[in-house]
Amino acid sequence: TQNRAYSKLQSSETPRKGMRSICFHSRAPSFSVSPHSSPARPSSVSTPSRTFSDSMTERSIEAAAALVTKWDPESSTYAKVTSLFYESKAEAMEFIKCVNDLQKAMHALVPGNSTSDRLVHAQNLMQIAMKRLQKEFYQILSMNRAYLDPESVSARSSRTSARSSISDYGDDEDVRTAGDAIDEVEEVSSIAMADLRSIAECMISAGYAKECLSIYKIIRKSIVDEGIYRLGVEKLSSSQINKMNWETLEMKITSWLSAVKISLKTLLHGERILCDHVFAGSDSIRESCFAEISKEGAIRLFGFPEAVAKSKSPKSPEKIFRVLDMYTAINWPEIESIFALESTATVRSQALASLIRITESVRAMVSDFESTIQKHSHSKSLVRGGGVHPLTLDVMNYLSNLADYSHILEDIFAEWPPPPRSSLPESYFDSPQSDDSQAPAISLRMAWLILVLLCKLDGKAEHYKDVSLSYIFLTNNLQHVVTKVRTSNLQYLLGDEWITRHEAKARQFATNYERLACAKVAASLPENPTAVISPAEAKEIFRKFNSSFEDACQKHRTFVVSDPKLRDEIKVSLARKLVPVYKDFYEKHRLTVRGERNVGSYVRFAPEDVGNHLSDLFFGTTESVSSPSSSSSSSHRRRSLFRP
């Protein structure tokens with residue numbers, strides 16, 4: 001050991017280089033002091049005169065010898081079982097000062113005689129001091145785990161803010177008690193961190209960085225790894241994920257989402273703060289130290305989303321939302337801040353790889369979703385009463401939920417080429433020549449998916465043989481689409497113009513229905529309801545009206561209008577078309593047939609009865625339609641969602 005010490009001190013030709021070797025040597029000598037030996041005092045050397053520098057050197061060695069020997073674990077049971085820093089902080093600081101002075105004395109001795117007894121004595125003292133400081137360093141790290149946990153360290157600035165806020169409420173006893181507790185926690189944490197820094201600086205300056213870092217890395221890495229494990233983060237491959245059912249995978253994703261938030265905000269962030277504080281004196285040391293402590297756990301943490309995105313896990317409508325949650329949780333600015341150093345570039349690379357893989361996965365899932373809409377079966381099993389189709393409900397729920405992630409999807413869709421219009425007939429586009437290049441990619445994608453849905457619904461409407469019912473179907477479904485857009489974040493992506501345009505189309509479908517629904521009933525009444533006619537003609541008109549109105553009510557009572565406001569609007573519109581004309585005819589001619597036999601069989605409805613019957617429509621109160629009803633106007637050409 002002494003030969004290594006001599007070699008170390010003689011490693012340079014000049015005093016300046018000799019100092020650099022002592023202070024910054026990264027390889028510290030190993031400890032091999034005999035447990036039965038103690039540093040011997042050097043023999044006196046006769047010199048003609050003693051300089052002031054020699055006197056200072058001698059005093060530094062003597063002071064160090066007294067304090068170092070006192071705390072030599074091999075010299076007494078007391079020193080072995082007692083902590084210097086806990087027993088007396090003042091003496092601990094004096095110990096650090098003596099070691100630093102001892103190092104200066106060793107430097108002063110090198111140029112004169114590198115093999116002097118005093119230098120050998122000083123080197124022995126230095127080895128004992130370093131062994132003591134190693135022990136203290138380990139004890140502080142171990143005994144203060146509760147106060148040096150990353151959460152406590154990362155929250156120190158928050159505690160300071162809290163303490164400032166608490167001071168504003170000095171009259172509240174509970175608040176003062178809470179403030180005192182915060183102060184106590186912060187004080188213990190600050191003292192421990194300051195002690196660790198003092199020891200680290202002393203050991204690194206003396207050339208014992210390797211021993212210091214070894215202790216620090218072992219203890220702190222175990223804390224990070226244990227924290228990651230306790231948060232439920234496992235190292236899973238894509239093949240392992242492929243074997244999971246969706247419920248199991250979703251549970252693991254949920255656990256990971258919680259874990260990554262805690263890890264970034266407290267575990268990794270707090271560890272970075274602690275490492276930067278303890279090793280503030282050396283950029284290279286704190287960089288390499290933090291990298292070795294955190295890299296393995298961080299790579300495991302940020303590797304999970306990539307494995308999920310790469311896997312062919314069970315398909316579920318919920319999967320895209322959980323994957324987008326993971327994309328959100330990978331807080332890139334925060335990761336760049338914590339892992340900004342070159343030594344932690346692999347962590348940044350892993351996080352970036354997960355973001356890229358999630359982007360690809362989300363695009364693939366959206367494409368699959370579009371394909372699912374287009375491949376939806378054109379079943380002849382009709383929706384009861386022309387109501388909202390399950391496909392419409394599913395698609396709009398999916399898209400409205402997807403719109404909640406618009407801030408993320410803007411990035412994911414940004415460089416994704418828009419779908420080709422050739423996949424749909426040109427007649428389905430409102431403005432075939434319109435330039436959508438200025439619209440955000442996410443807005444174009446959402447509008448396109450809704451267009452695919454509406455075109456699919458247009459095909460399903462063709463299966464209704466009753467044209468008026470097909471218009472009710474188109475009205476209901478388009479109205480549901482518009483309502484869902486208006487009441488979700490889709491409104492911000494598609495805009496007011498889109499909503500207004502599609503509301504007008506829904507209104508037009510309803511108008512077409514009303515025209516067909518009223519046609520036969522309206523035709524039973526004369527153009528001039530107050531014209532003078534014979535009793536026989538009046539009876540025939542009443543008979544035709546009764547028959548057509550009853551048939552219409554019986555049929556249209558099975559129809560459904562899902563939106564309450566739209567339902568009332570259609571009823572009012574139908575009443576305005578029928579009731580005034582019938583009322584004029586009724587009031588003019590009911591007296592004409594009053595003298596006829598069985599007058600009740602001719603005049604069945606008073607004007608208010610007509611309105612009451614209309615108010616019962618569109619609730620789907622009878623049996624569901626099991627097969628297409630007969631055509632009410634086979635010659636009438638059905639209008640589609642987009643074709644004129």
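Residues numbered from 1 in each chain as written. Predicted model: local features only at pLDDT ≥ 70, side-chain atom pairs only at ≥ 80, totals over all residues. Heavy atoms only, no water.

Details of the overall build of the chain
Definition in use: Helix and strand labels come from DSSP, where a helix needs a run of H or I of at least four residues and a strand needs a run of E of at least two; each type is numbered from the N terminus. Exposure is judged per residue with a 1.4 Å probe applied to protein chains only, and the accessible area is read against the type maximum: over 50% gives exposed, under 20% gives buried, and values in between give partly exposed. Accessible areas in this description were obtained via Shrake-Rupley with a 1.4 Å probe; residue shielding takes into account the shown protein chains only.
Each helix and strand in the chain was counted, giving 25 helices and zero strands. Of all 644 residues assigned to the chain, the portion counted as buried reaches 47%. Counting only carbon and sulfur atoms, one obtains 51% of the accessible surface of the chain, whose full area is about 31,900 Å².

Some details on unusual backbone geometry
Most peptide bonds are trans, and most residues other than glycine sit at a negative phi. Residues other than glycine seldom take positive phi values, yet phenylalanine 618 does so here, at roughly 75°. Mapped onto the elements, phenylalanine 618 comes out in the segment after helix H25 (607-615). On the basis of relative accessible area, phenylalanine 618 is assigned to the buried category, the value being 1%.

Considerations on the environment of serine 615
If you trace the backbone, serine 615 turns up in helix H25. Separated by 40 residues in sequence, serine 615 and alanine 575 have C-alpha atoms that sit 9.0 Å apart.

Quick word on the side chain of threonine 392
Here is the rule: Contact criterion: two residues are considered in contact whenever any of their non-hydrogen atoms come within 4.5 Å of each other.
Relative to the helices and strands, threonine 392 resides in helix H18 (residues 390-403). Under the relative-accessibility criterion, threonine 392 is labelled buried at 0%. If near-sequence neighbours (up to four positions away) are discounted, threonine 392 is found in contact with Leu453, Leu457, Asn477, His480 and Val481.

A word on helix H21 (residues 467-486)
As a reminder of what qualifies: To estimate how far a helix should reach, multiply one less than its number of residues by 1.5 Å.
Counted at 1.5 Å a residue, the expected span for H21 with its 20 residues is 28 Å, and the 28 Å between its end C-alpha atoms agrees. In terms of burial, H21 is a largely internal element, 16 of the 20 residues being buried.

Looking at the pattern of salt bridges
Defined as follows: Salt bridge, as applied in this entry: a Lys or Arg side-chain nitrogen positioned within 4 Å of an Asp or Glu carboxyl oxygen.
Considering all chains together, one arrives at 29 salt bridges under this definition. A salt bridge links glutamate 91 to lysine 70; the nearest nitrogen and oxygen atoms lie 2.7 Å apart. Remark: lysine 70 occurs in helix H3 (residues 52-70) and glutamate 91 occurs in helix H6 (residues 89-112); sequence separation between them is 21 residues. Assessed through its relative accessible area of 18%, glutamate 91 is described here as buried. A residue is classified by how much of its surface remains accessible, and lysine 70, at 40% relative accessible area, is partly exposed. Each member of the salt-bridge network shares a partner with another, and the members are Glu250, Glu318, Arg322 and Asp325.

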